[in-house]
Structures are given as C-alpha cells and as structure tokens.
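# Overview (structure and organization)
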Amino acid sequence: MTSLACKVFSRVDRVCRHLPVALNTFLVFSITGEVSYLVMVEAPLEPDQKKTEWSSWWKMIHLLGQYFLLGNICWNALLFLRTSPSIKGVFLGGEGMGQGWRYCYTCETHTPPRCSHCYDCKVCVLRRDHHCVFFGQCVGLRNYRYFLSCLLFMWSGLLYATLMNAEVFIVILKEGVTVHSILLLLIPWIMLVSGQVSARAFAFAFIADTCVVGFLLVSAFFFFHLFLLFRGQTTREWYSSRRPYNLGLLGNLRHTLGLRWYLCWLCPLIPSTLPGDGIHFEVTGSLEPAR
C-alpha cells in the first residue's frame, strides 16, 4: 500500500512540475492565434481598406513580427529548459577554496561562491538566482541568458498583443461602462457559464484580460531582473543587499550574457561565450551583508 501511494505521489508530483510549462505554452499560442485572427480578419477596420495593397503589406509585416516574437520565446524557453545550470559535470577542484565557499551536506561537496542548493531541483546550482516556478527549473549561470531573453520577448509580445486587443476593449465598452461590460472584462468565465455572453465574446474578453495581466506581471519580472543585471546581483544577493561582484554596466553584461551581449538577445542561436566559469569571481566589494 505504501509503495502504491509513493508511485501515485511521484506521478502527481511529475505532472504538477510540468503543468506550469504546459499552461504557459497554451496561453502563448492562444494569444498568438487570437492576435493573428485580429490581423487577418478584423483589421483594418475600414471596409474600403480591407482589399488594398496597403492592407496586404500591413498584415504581412504584423504576422512576420509576431511570429518572430513567438519563435524567440519558444526557442529561448526550450534552450533554457535544456541547459542545466547545476554543478553536475563541473570539476570544482579542491585547491584554492577561500572565502565564500561552503559545504553542501545534501550534495556532499564543497560549492563555490554564489552557488546554492535548490531543494526543488535537488542539486546545487552555479551562480543560482532563483527557482523559476513557471518553467520548473533553476535560473543559474549557464541559462540566465535564455531566461532574460525569453522575458524580453514575452514582454514585447504581450505589449504588442495588448495594443492589438485595444479594439476588443473598445468594442466591449462602445455602449458605455455598464454592469454587463464590466463583468465581461472582470469575470468572463462566470458570464460564459451563466449564458450571458457567447463563446466568441468570452474568448476575446478572456485573452484580452490575459494580455493585460500577463503584461503587468512580465513587466515586473523583466525590469526587476534588468535592475539586478545592471547592479551585478542575483535575486539572493538582492535580499541581503550585497554587491560584492559588481563589475560596472559593461562588465556585468559580459559576465551575464556573454562576450556577444550586444547581439545574443536578437536570436538564441547566436553564440555568446561566458567569460567566467561560475567558480571564480572577481570581488569588488565586501562579502559581508550590509547592516
């Protein structure tokens, strides 16, 4: 009985770990499909512009732009998940251990500065920033570039989708701010279940709401990590108000995004070698927490 319960718990845990990734994938492709529909069918709104050459070029530019964003989001997310940030396969060495090194009793090894153990990933992570619940993996030295690039393109894509969905909000509110329109924007699920709106109206309202909420959340994450990047900090170091590894703006960009930091954000396939090994760091300030 205990063995069966363990197997069931293990399977449920595995499903729960992959659920956020599946949900994010569904939302990203749903938003892309809805915006593509708005571009191809609904816009431009003026009837005399729908069959003009300008309209065709307008649609092509919009479609190319949004699928460029979608491709970068998916590819960066895939490389983020496939790039292990852990100490597995890394020779830490026994010599040269100094200030900042610790002993991990779970992994049974000495770990370098800025490395810490993740109890979700069950391993120590080099230059660990945090465990991302949306991807189910830690953000560390080797995959931080893909994480930040994914946030950049998600932010750009959601901003674009929110602007494109402005017409949806205009259509919903065109007859004035009524109880029906407010409820449709705030609780579209209940409006659908109660039969107050059609499935088409629900889909547009739900995706438009998702774009706005997602844009606000991604904006907070993205600009917070830009702030940390410019200061040469990880999320863990920000909690303790330490900045001992701040190398200046250009130095922080090179050590986080690689030597081609000015190009690597355009495409995840552009190689950008990291100058550091995640074990040795140049210390420019005190390692003691600020008081």
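Residues numbered from 1 in each chain as written. Predicted model: local features only at pLDDT ≥ 70, side-chain atom pairs only at ≥ 80, totals over all residues. Heavy atoms only, no water.

Identification of the protein as Palmitoyltransferase from Betta splendens is taken from an unreviewed UniProt entry. Looking at the protein in UniProt, the text filed under Catalytic activity (unreviewed entry) is "L-cysteinyl-[protein] + hexadecanoyl-CoA = S-hexadecanoyl-L-cysteinyl-[protein] + CoA". In the Sequence similarities (unreviewed entry) part of its UniProt record, the protein is described as follows: "Belongs to the DHHC palmitoyltransferase family." (UniProt positions renumbered as here; feature names shortened; annotations may be inferred.)

The next point concerns unusual backbone geometry. Non-glycine residue Lys122 carries a positive phi angle of around 60°. Tracing the sequence through the fold places Lys122 in the loop between β3 (116-118) and β4 (123-125). One non-glycine residue, Arg127, lies in positive phi territory at about 45°. By the element assignment, Arg127 lies in the loop between β4 and β5 (130-132). (Helix = DSSP H or I, 4+ residues; strand = E, 2+ residues; numbered from the N terminus.)

The subject of this paragraph is the UniProt feature "transmembrane region" (unreviewed entry) in the protein. Feature annotation in UniProt assigns "transmembrane region" (unreviewed entry) to the following positions: residues 21-40, 60-81, 144-163, 169-190 and 202-230. Across residues 21-40 one finds 100% helix and 0% strand; the C-alpha atoms that close the span lie 28 Å apart. Secondary structure across residues 202-230 divides into 100% helix and 0% strand, with the first and last C-alpha atoms of the span separated by 41 Å.

Time to look at the confidence of the model for the protein. Residues at a pLDDT of 70 or more form 84% of the protein, whose mean pLDDT is 83. Predicted confidence in the protein is weakest over helix α5 (residues 179-186), with a mean pLDDT of 72, and strongest over helix α3 (residues 144-164), with 95. (pLDDT = per-residue confidence, 0-100.)

Attention now goes to the pattern of salt bridges. For the structure on display, the rule yields 1 salt bridge. Among the ionic pairs, Arg114 bridges to Glu237, the shortest N-O distance being 2.8 Å. In this pair, Arg114 is assigned in the loop between β2 (109-111) and β3 and Glu237 in helix α8 (residues 235-239), connecting sequence segments 123 residues apart. With respect to burial, Arg114 and Glu237 carry one shared label: buried. (Salt bridge = Lys/Arg side-chain N within 4 Å of Asp/Glu carboxyl O. Buried < 20%, exposed > 50% of the residue type's maximum accessible area, 1.4 Å probe, protein only.)

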